[in-house]
Amino acid sequence: MTARLGVTLCGLAFQNPILLAAGTAAYGRELADVMDLEALGGFVTKAVSPEPRSGAPAPRVGDFPGGMINAVGLANPGMDAVKREDLPWIAANVRAPRVLVNVVGKVAEDFGTVVAHLDDAPGFHGFELNVSCPNVKQGGMEFGADPSALQAVIAGARAHTTKPLFVKLSPTLPQIGDVAKRAVDTGADGITVINTIPGMVIDVATRRKLLGFGQGGVSGPGLLAVGVLATYRVRQAVSVPIIGAGGVQSADDALQFILAGANAVAIGTAALADPKLPARIVRDLGRWCDDAGVGVEDVVGRLET
């Protein structure tokens, strides 16, 4: 692996900028037999909430010509089980990749609860706060769409850790740059963009919604342009590290995010379809850097205008 691929985010050295997005890597061990985790820069774990969550009714995942739609419902075993079983496995088996733990909650206080509980556990290097999930105290409004709730989430988490905090934002936010700046001003060390876009798919043959929950999050190649624009807008607003995500299927796709201002790029749906793809993207990105005579960090945000 070429040294040109190395990047540093929030003081953490990553061997390359290619990560696996939250929800697609589970807690690492689920992919260990089908993917070379050690070839990656890192991965973001599946969501962790204070209590176990059973998730949405089946079917939870479906595909359509534009990509994939899912409503998993943030199913996870809860913070006790993750600390007892999953993080120790990561500590014992994952060497090079950096690991971020994705945190979710029903109310703002949940985020601080999870961060406080996991902070001294082994096996990970920082947190990603999913503020796209609904705040039950505010009628289901996303935490990221409510300035006071967003600040409460970040401040609550910040009070319990010195580890890097990345805040994951939804592409549906109308002023995503302003939200990113508010997050950073409140204590976020980095921003992840984007999450999925809300959508619905109907099975015409049965006249029923494809997913058991009805609506879900749309991901896949169609999100590439949305994610690149969100990354560009966030980079204009903040100087902290950005993890770009959405529709990445190739090294060229990853480079679009990097040129728009991302320091690292997370792969989701494409890795589910082809677990070997992330490692190929790392190799192709390394070849591009060698051919161009530059390192990844040399081209972050270097979009010609």
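Scroll up for the structure.
I will try to describe carefully the structure that is included in this document. (Residues numbered from 1 in each chain as written. Predicted model: local features only at pLDDT ≥ 70, side-chain atom pairs only at ≥ 80, totals over all residues. Heavy atoms only, no water.)

## Quick notes on the sheet that holds strand E3 (residues 18-20)
Applicable threshold: Pairing between two strands is assigned when DSSP locates at least 2 bridges connecting them. Put simply, DSSP H or I for four residues or longer makes a helix, DSSP E for two residues or longer makes a strand, and each gets a number counted from the N terminus. Working convention: axes come from line fits to C-alpha atoms, limited for helices to the stretch in contact. Angles between N-to-C directions cover 0 to 180 degrees. Residue contacts follow a heavy-atom distance rule, with two residues in contact if any of their heavy atoms lie within 4.5 Å.
Read once around its circumference, the closed barrel built from eight strands follows the order E3-E4-E7-E8-E11-E12-E17-E18, with strand pairing classed as parallel. Across the sheet, the axes of successive neighbouring strands diverge by a mean angle of 25°, strand direction being ignored. Where E3 meets strand E4 (residues 42-44), two bridges bridge the pair, whose relative direction is parallel. What sits directly across from leucine 19, in E4, is glycine 42. Packing of helix H3 (residues 147-158) onto the sheet brings it into contact with strand E8 (126-130) and strand E11 (165-169), and relative to E11 it is tilted by some 155°. Contacts from helix H6 (residues 251-260) reach E3, strand E12 (190-193), strand E17 (242-245) and strand E18 (264-267) within the one sheet, and its direction differs from that of E18 by about 140°.

## Looking at the nonpolar core
Operational definition: What is meant by a nonpolar core is a set of buried Ala, Val, Leu, Ile, Met, Phe, Trp, Tyr and Cys residues, joined one to another through side-chain atoms within 4.5 Å. Burial status follows relative accessibility: with a 1.4 Å probe on protein chains alone, a residue under 20% of its type maximum counts as buried, one over 50% as exposed, and anything between as partly exposed.
Counting residues in hydrophobic clusters, the biggest one holds 100 residues, and the most contacted among them are Leu129, Val167 and Leu169. Sorting elements by how many residues they give to this core places H6 first, with six residues. Each residue touching leucine 129, except ones within four places of it in the same chain, is listed here: Val103, Phe111, Val115, Val153, Ile154, Ala157, Leu165, Phe166, Val167 and Lys168.

## Focus: the pairing of strand E16 (residues 215-219)
Extensive coverage of E16 is indicated by the burial of four of its five residues. In this structure, strand E6 (residues 67-70) lies alongside E16, joined through three bridges in antiparallel fashion. Each residue of the ladder has a partner; that of asparagine 70, found in E16, is glycine 217. In the sheet, strand E13 (residues 197-200) pairs with E16 via four bridges, with the strands oriented antiparallel. Opposite methionine 200, over in E16, you have glutamine 215 as the bridge partner.

## Observations regarding the packing of aromatic side chains
What counts, and what does not: Pairs were defined over the aromatic rings of Phe, Tyr and Trp, the Trp ring being its six-membered one, requiring ring centres within 6.5 Å. Orientation was assigned from the angle between planes: stacked under 30 degrees, edge-to-face over 60, tilted for the rest.
For the structure shown, the criterion picks out two aromatic pairs. Seen in terms of ring centroids, phenylalanine 111 and phenylalanine 143 are 5.2 Å apart; in terms of plane orientation they differ by 85°. Their pairing is edge-to-face. With phenylalanine 111 in helix H2 (residues 108-118) and phenylalanine 143 in the loop between strand E10 (141-142) and H3, this residue pair connects regions lying 32 residues apart in the sequence. For the pair shown, phenylalanine 111 and phenylalanine 143 are each scored as buried. When the centroid spacing of 5.0 Å and the interplanar angle of 70° are considered together, the rings of phenylalanine 124 and phenylalanine 127 count as edge-to-face. Of the two residues examined, phenylalanine 124 and phenylalanine 127, each falls in the buried class.

## Some remarks on the packing of H2 against H3
To be explicit about the condition: Angle categories: roughly parallel below 35 degrees, roughly antiparallel above 145, roughly perpendicular from 65 to 115, and oblique for all the rest. Two helices that cross are described as forming a left-handed crossing if the nearer one is turned anticlockwise from the farther one by less than a right angle, and a right-handed crossing if clockwise. All amino acids are sorted into three groups, where Ala, Val, Leu, Ile, Met, Phe, Trp, Tyr, Cys and Pro are nonpolar, Asp, Glu, Lys and Arg are charged, and the leftover types, Gly among them, are polar.
At a minimum axis separation of 8 Å, H2 and H3 run at an interaxial angle of 15°. Between H2 and H3, the angle falls in the class roughly parallel. In this structure, H2 meets H3 at a crossing whose hand is right-handed. Across the interface between the two elements, Ala108, Phe111, Gly112 and Val115 of H2 pack against Ala149, Ala152, Val153, Gly156 and Ala157 of H3. Looking at the contact of H2 with H3 residue by residue, the classes come out as seven nonpolar, two polar and no charged.

## What to know about the pattern of salt bridges
Note the cut-off: Salt bridge, as applied in this entry: a Lys or Arg side-chain nitrogen positioned within 4 Å of an Asp or Glu carboxyl oxygen.
For the structure shown, the criterion picks out nine salt bridges. Put simply, aspartate 120 and lysine 83 hold a salt bridge, and the shortest N to O gap is 2.9 Å. Here aspartate 120, found in the loop between H2 and E8, pairs with lysine 83, found in helix H1 (residues 79-93); they are 37 residues apart in sequence, far enough to count as distant. For aspartate 120, a relative accessible area of 62% corresponds to the exposed category.

## Let's talk about H2
Helical geometry: 3.6 residues make up each α-helical turn, so side chains three or four residues apart lie on a common side. Along H2, the residues that are buried comprise Ala108, Asp110, Phe111, Gly112, Val114, Val115 and Leu118. Contacts made by the buried residues of H2 are with H1, strand E7 (98-103), E8 and H3.

From the geometry alone we can't say anything about function, so treat these as descriptive.
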